[in-house]
Amino acid sequence: MEVVEAARPEPDVRPVDVEVVRGLRRRILRPFQPAAASAYPGDEAPEALHLAVRAEGRVVAVGTILHQAPEGEDDPAAWRIRGMATVPVARGGGLGRAVLDRLLEHAESRDGRLVWCNARVRAAPFYERAGFSRRGGLLHFPGIGPHFFMWRDLPRDGLGSEG
Ligand SMILES: CC(C)(COP(=O)(O)OP(=O)(O)OC[C@H]1O[C@@H](n2cnc3c(N)ncnc32)[C@H](O)[C@@H]1OP(=O)(O)O)[C@@H](O)C(=O)NCCC(=O)NCCS
């Protein structure tokens, strides 16, 4: 008998004000830190994008992209992913990936060529699934545990034959 997999509904990912993402950021990513720790530098920049998925009126997944180069680098085509979080009951359901894909599209549509993040070690496989690679060893940030620097190029249509 042929087994037909039920199609997963497309998550309803929407741009939101930064205040919307900060609640889940704090709850999931920085629960033991003051609220101010969930406000990131560059959050309010006009080119920043904050996305959220809601279910039954509650925010269940969030993510942000900022126009920022890695520390010590000066690359105007670099964008940074921050504040990726999905509520525990919804994890593994494709919400994080849907948010991440939309964030990459945002950078790509603004001439982004490199996307990077400091990924929590436990989240590194999530980024690897989306084409990111690790660079360097473990990074330690006080209060939030070990991270890897991770990055990926953005493919851009129509540039293949240009110099
Ligand atoms: C990381 C996080 C945002 C992923 O969100 P999510 O909604 O569960 O992600 P998705 O369901 O879209 O996962 C996409 C793919 O990555 C895989 N994946 C996600 N998290 C993973 C993990 N920790 N380990 C291994 N694989 C993982 C999924 O299985 C899925 O694989 P598939 O392509 O085969 O279906 C979520 O686990 C989370 O909030 N974690 C705690 C906070 C955190 O660490 N955030 C990242 C900060 S850098």
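As the structure is a prediction and not an experimental result, all values here were calculated from the model. (Residues numbered from 1 in each chain as written. Predicted model: local features only at pLDDT ≥ 70, side-chain atom pairs only at ≥ 80, totals over all residues.)

Caption draft 1: Region of interest: helix H1 (residues 18-29). With twelve residues, H1 should reach 16 Å at 1.5 Å per residue; the first-to-last C-alpha distance of 15 Å fits that figure. Restricting attention to buried positions, one finds in H1 the residues Val21, Arg22, Leu24, Arg25 and Arg26. (Helix = DSSP H or I, 4+ residues; strand = E, 2+ residues; numbered from the N terminus. Expected span 1.5 Å × (residues − 1). Buried ≥ 20, exposed ≤ 12 C-beta atoms within 10 Å, placed from the backbone.)

Caption draft 2: Region of interest: the sheet that holds strand E2 (residues 49-55). Here seven strands make up an open sheet; going across it, the order is E1-E2-E3-E4-E5-E7-E6 and the pairing mixed. Two strands in the sheet have a free side with no partner beyond their single neighbour: strand E1 (13-15) and strand E6 (133-141). For this sheet, the mean inter-axis angle between neighbouring strands, taken without regard to orientation, is 25 degrees. Its contacts with the sheet put helix H2 (residues 95-108) on E1, E2, strand E3 (58-66), strand E4 (78-86) and strand E5 (114-120), and the angle it makes with E3 is roughly 30 degrees. (Pairing = 2+ DSSP bridges. Axes fitted to C-alpha atoms, helices over the stretch in contact; angles between N-to-C directions. Contact = placed C-beta atoms within 7 Å.)

Caption draft 3: Region of the structure containing the pairing of strand E7 (residues 145-153). Here E5 pairs with E7 via seven bridges, running antiparallel. Bridge pairing in E7 places cysteine 117 opposite methionine 150. Inspection of the sheet shows E6 paired to E7 by six bridges, in the antiparallel sense. Looking across to E7, one finds that arginine 134 is bridged to methionine 150. The loop that links E6 with its antiparallel partner E7 comprises three residues; one of these, glycine 143, has a positive phi angle of about 85 degrees.

Caption draft 4: Fine view of the site of the ligand. Thr86, Arg91, Gly96, Arg97 and Pro125 are the nearest of the 20 residues found near the ligand. Elements that contribute at least two residues to the shell around the ligand include exactly H1, E4, H2, E5 and helix H3 (124-129). In terms of residue class, the shell around the ligand is built from ten nonpolar, five polar and five charged. (Near = placed C-beta within 6 Å. Nonpolar A, V, L, I, M, F, W, Y, C, P; charged D, E, K, R; others polar.)

Caption draft 5: Layout of the nonpolar core. One finds Ala61, Val62, Val99, Leu103 and Met150 to be the most contacted residues of the largest nonpolar core, which totals 33 residues. When residues of this core are traced back to their parent elements, those giving at least two are H1, E2, E3, E4, H2, E5 and E7. By residue number, the principal contributor to this core is H2, which donates seven residues. With sequence-adjacent residues up to four places away left out, valine 62 is seen in contact with Val21, Leu24, Arg25, Leu51, Ala52, Gly83, Ala85 and Val99. (Core = buried A, V, L, I, M, F, W, Y, C linked by C-beta atoms within 7 Å.)

Caption draft 6: Just unusual backbone geometry, in detail. At glutamate 56, a residue that is not glycine, the phi angle is positive and equals roughly 50 degrees. Tracing the backbone shows glutamate 56 in the loop between E2 and E3. Taking the C-beta count within 10 Å as the criterion, glutamate 56 has 5 such neighbours and is therefore assigned exposed.

Caption draft 7: Region of interest: the environment of glutamate 128. Within the secondary structure layout, glutamate 128 lies in helix H3. Judged by C-beta crowding, with 15 C-beta atoms within 10 Å, glutamate 128 ranks as partly exposed. Glutamate 128 sits 24 residues away from arginine 152 along the chain, and the two C-alpha atoms are 9.3 Å apart.

Caption draft 8: Highlighting H2. Between its first and last C-alpha, H2 extends 20 Å over 14 residues, near the 20 Å set by a 1.5 Å rise per residue. Taken together, the buried positions of H2 are occupied by Leu95, Gly96, Ala98, Val99, Leu100, Leu103, Leu104 and Ala107. Close packing links the buried residues of H2 with E1, E2, E3, E4, E5 and H3.

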